[in-house]
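So the chains spell out like this:
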Amino acid sequence: SLTVYISVGLTGTKSGCGGGGCGACTVMISKYDVIQKKILHFSANACLVPICMLHGAAVITVEGIGNSHTRIHPVQEQIAKAHGSQCGFCTPGMVMSMYTLLRNHPEPSMDQLQEALAGNLCRCTGYRPIIDGCKTFCKESACCQNGREGICCLDEDNSCSSSSPDAVKDVTNLYYIL
Ligand code: FES
Ligand code: FES
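The rules behind each value
Residues numbered from 1 in each chain as written. Chains lettered and ligands numbered in written order. Predicted model: local features only at pLDDT ≥ 70, side-chain atom pairs only at ≥ 80, totals over all residues. pLDDT = per-residue confidence, 0-100. Helix = DSSP H or I, 4+ residues; strand = E, 2+ residues; numbered from the N terminus. Contact = placed C-beta atoms within 7 Å. Axes fitted to C-alpha atoms, helices over the stretch in contact; angles between N-to-C directions. Parallel < 35°, antiparallel > 145°, perpendicular 65-115°, else oblique. Left-handed = near helix turned anticlockwise from the far one by under 90°. Nonpolar A, V, L, I, M, F, W, Y, C, P; charged D, E, K, R; others polar. Pairing = 2+ DSSP bridges. Buried ≥ 20, exposed ≤ 12 C-beta atoms within 10 Å, placed from the backbone. Arc of directions from axis to C-beta.

### Focus: the confidence of the model for the protein
Low pLDDT means the predicted coordinates in that region are not meant to be read closely.
Moving on, step 1. Averaged over all residues, the pLDDT of the protein equals 85, while 79% of them reach at least 70.
Moving on, step 2. Model confidence for the protein, summarised as mean pLDDT per element, is weakest for helix H6 (residues 165-177) at 41 and strongest for helix H3 (residues 91-104) at 97.
Moving on, step 3. In this model residues 159-178 is a low-confidence stretch, pLDDT under 50, and it forms 31 contacts with partners more than four residues away in sequence or in other chains.

If you want it as structure tokens, here you go:
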């Protein structure tokens, strides 16, 4: 599978269940669609992708979007600022699912966000801080961005007030999807 192929030298992508159930191995695959005449981006569980399916495709792993030596990607930064990573095992998969969503929808809705992360499991955080970090990219958000001209409190000293009723509802919905 693609997981085995990329694990030689690239250790960011994690292997959890090995059967498409946890999302720890999520990568982004890009392919040119001859009918639509454009490049399509989609997230995929690398553990389920045979190498032979990737002829003519580009694969981006979590190493390809940012790192602590050069510059981390805004998705990585926002998840870190929201304390959305504890053991960190799910984080590369979460990051790549979110990165793919942003490639396709630069300002996603909360529904699109929840759908994008529905295949990624986390055993540590309870999802709330992950959603808090990711929803800062959403056009409409229950985050502090509302009414503050797009300035997120995660960029300030005080952390986001995630205890608003809307935020609780959003996280609860994610549980149902998962
Ligand atoms: S390792 Fe769990 S989905 Fe691939
Ligand atoms: S941070 Fe540990 S599994 Fe998500």
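Here the narrative resumes, following the displayed structure.
### Structural notes on the packing of H3 against helix H4 (residues 110-117)
Moving on, step 1. The N-to-C vectors of H3 and H4 enclose an angle of 140 degrees; their axes lie 9 Å apart at closest approach. The pairing of H3 with H4 is recorded here as oblique in orientation. The handedness of the crossing between H3 and H4 is right-handed. Each of Met94, Ser97, Met98 and Leu101 in H3 lies in contact with H4, whose residues at this interface are Gln112, Leu113, Ala116 and Leu117.
Moving on, step 2. In terms of residue class, the contact of H3 with H4 is built from six nonpolar, two polar and no charged.

### Considerations on the pairing of strand E1 (residues 26-33)
Moving on, step 1. The sheet contact formed by E1 and strand E2 (residues 38-45) spans eight bridges and is antiparallel. Within E2, the residue paired with Val27 across the bridge is Ala44.
Moving on, step 2. Linking E1 back to E2 in an antiparallel pair, the connection comprises four residues, with Lys37 at a positive phi of about 55 degrees.
Moving on, step 3. Two strands pair when backbone bridges link them, and E1 and strand E3 (residues 58-60) are joined in this way by three bridges, in the antiparallel orientation. If you follow Ser30 over to E3, its bridge partner there is Ala58.

### What about H4?
Moving on, step 1. Turning to H4, its buried residues are Met110, Leu113, Gln114, Ala116 and Leu117. End-on view of H4: buried residues confined to an arc of 160 degrees, all on one side of the axis.

### Comments concerning helix H2 (residues 74-81)
Moving on, step 1. Among all positions of H2, only Val75, Gln76, Gln78 and Ile79 are buried. One side of H2 carries all its buried residues, which in axial view fall inside an arc of 165 degrees.

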